[in-house]
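# Descriptive structure summary
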Amino acid sequence: MGYSNCLKGVFRAFVITVIALFVLAIITNFTDVSDGVKSSTLLIISLISVVYGAIYAARKNGKNGWINGMMVALFYMTIFYLLAGIAGRGFAFNYRDILRVVIALISGTLSGMLGINTRY
């Protein structure tokens, strides 16, 4: 398995996340957005990033798409929660965080399989 391609997928996923969070920050600066909407938007941004990173890694490796996708999701979520903890959110996990990780792992796994089995 090509760990370098997984790490490249994670890097690309974070680039998408940073750009999307920047846009979200601009929007929330000028509008009144509830915390529920912010939380849902963050989940959607994370999932889109994981899906893109997993598909990228799987296509680059050319095999074991589900493992590549799962690894991208696992690395992404680990780094995401470490950065959030360092930024002041804390390192405690609640049921929502566990659910987000599970959803990301499932999305990454399925996206990795999709990346291997489709060609455009």
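Residues numbered from 1 in each chain as written. Predicted model: local features only at pLDDT ≥ 70, side-chain atom pairs only at ≥ 80, totals over all residues. Heavy atoms only, no water.

### A look at the overall build of the protein chain
On a plain count of helices and strands, the protein chain comes out with four helices and zero strands. Here the C-alpha atoms of the protein chain give a radius of gyration of 15 Å, agreeing with the 14 Å that 2.2 N^0.38 yields for 120 residues. Referenced to the eigenvectors of the C-alpha coordinate spread, the extents of the protein chain come out at roughly 45 × 30 × 20 Å. Looking at the protein chain as a whole, 36% of its 120 residues qualify as buried. In the protein chain, the share of contacts with a sequence separation of at least 24, taken over all contacts with a separation of at least 6, comes to 77%. For the protein chain, the accessible surface area stands at approximately 7,200 Å², while carbon and sulfur atoms represent 71% of it. (Helix = DSSP H or I, 4+ residues; strand = E, 2+ residues; numbered from the N terminus. Rg over C-alpha atoms; globule rule 2.2 N^0.38 Å. Buried < 20%, exposed > 50% of the residue type's maximum accessible area, 1.4 Å probe, protein only. Contact = heavy atoms within 4.5 Å. Areas by Shrake-Rupley, 256 points an atom, 1.4 Å probe, with all protein chains shown as cover.)

### Quick word on the packing of helix α2 (residues 35-61) against helix α3 (residues 65-89)
Taken N-terminus to C-terminus, the directions of α2 and α3 make an angle of 140°; their axes are 8 Å apart at the nearest point. Compared by their axis directions, α2 and α3 come out oblique. As for the relative orientation of α2 and α3, their crossing is right-handed in sense. Listed contacts from α3 to L42, S46, S49, V50, G53, A54, A57, A58 and N61 of α2 are G65, N68, G69, V72, A73, Y76 and F80. Here the residues of the contact of α2 with α3 sort into nine nonpolar, seven polar and no charged. (Axes fitted to C-alpha atoms, helices over the stretch in contact; angles between N-to-C directions. Parallel < 35°, antiparallel > 145°, perpendicular 65-115°, else oblique. Left-handed = near helix turned anticlockwise from the far one by under 90°. Nonpolar A, V, L, I, M, F, W, Y, C, P; charged D, E, K, R; others polar.)

### Some thoughts on the environment of M70
Among the structural elements, M70 can be located in helix α3. Looking at M70, the relative accessible area reads 32%, which means it is partly exposed. A C-alpha to C-alpha distance of 4.6 Å links M70 and T109, two positions 39 residues apart in sequence. Not counting residues up to four positions away in its chain, the partners in contact with M70 are L105, G108 and T109.

### Details of α2
Helix length check: α2, at 27 residues, gives a terminal C-alpha distance of 39 Å against a target of 39 Å (1.5 Å per residue), a fit within 8%. Buried within α2 we find I45, S46, L47, S49, V50, G53, A54, Y56, A57, A58 and N61. The secondary structure elements touched by the buried residues of α2 are α1 (3-30), α3 and α4 (95-117). (Expected span 1.5 Å × (residues − 1).)

### Section: the packing of aromatic side chains
For the structure on display, the rule yields three aromatic pairs. Here the aromatic rings of Y76 and F80 are separated by 5.9 Å at their centres, their planes lie at 15°, and the arrangement is stacked. Here F80 and Y76 lie together in helix α3, a separation of four residues that amounts to about one turn. Taken individually, Y76 and F80 each receive the classification buried, so the pair is uniform in this respect. Arranged with centres 5.8 Å apart and planes meeting at 90°, the rings of F80 and Y81 form a pair that is edge-to-face. With respect to class, F80 is no different from Y81; both count as buried. Members of the aromatic cluster, joined through ring pairs, are F14, Y76, F80 and Y81. (Phe/Tyr/Trp six-rings, centres within 6.5 Å; stacked < 30°, edge-to-face > 60°.)

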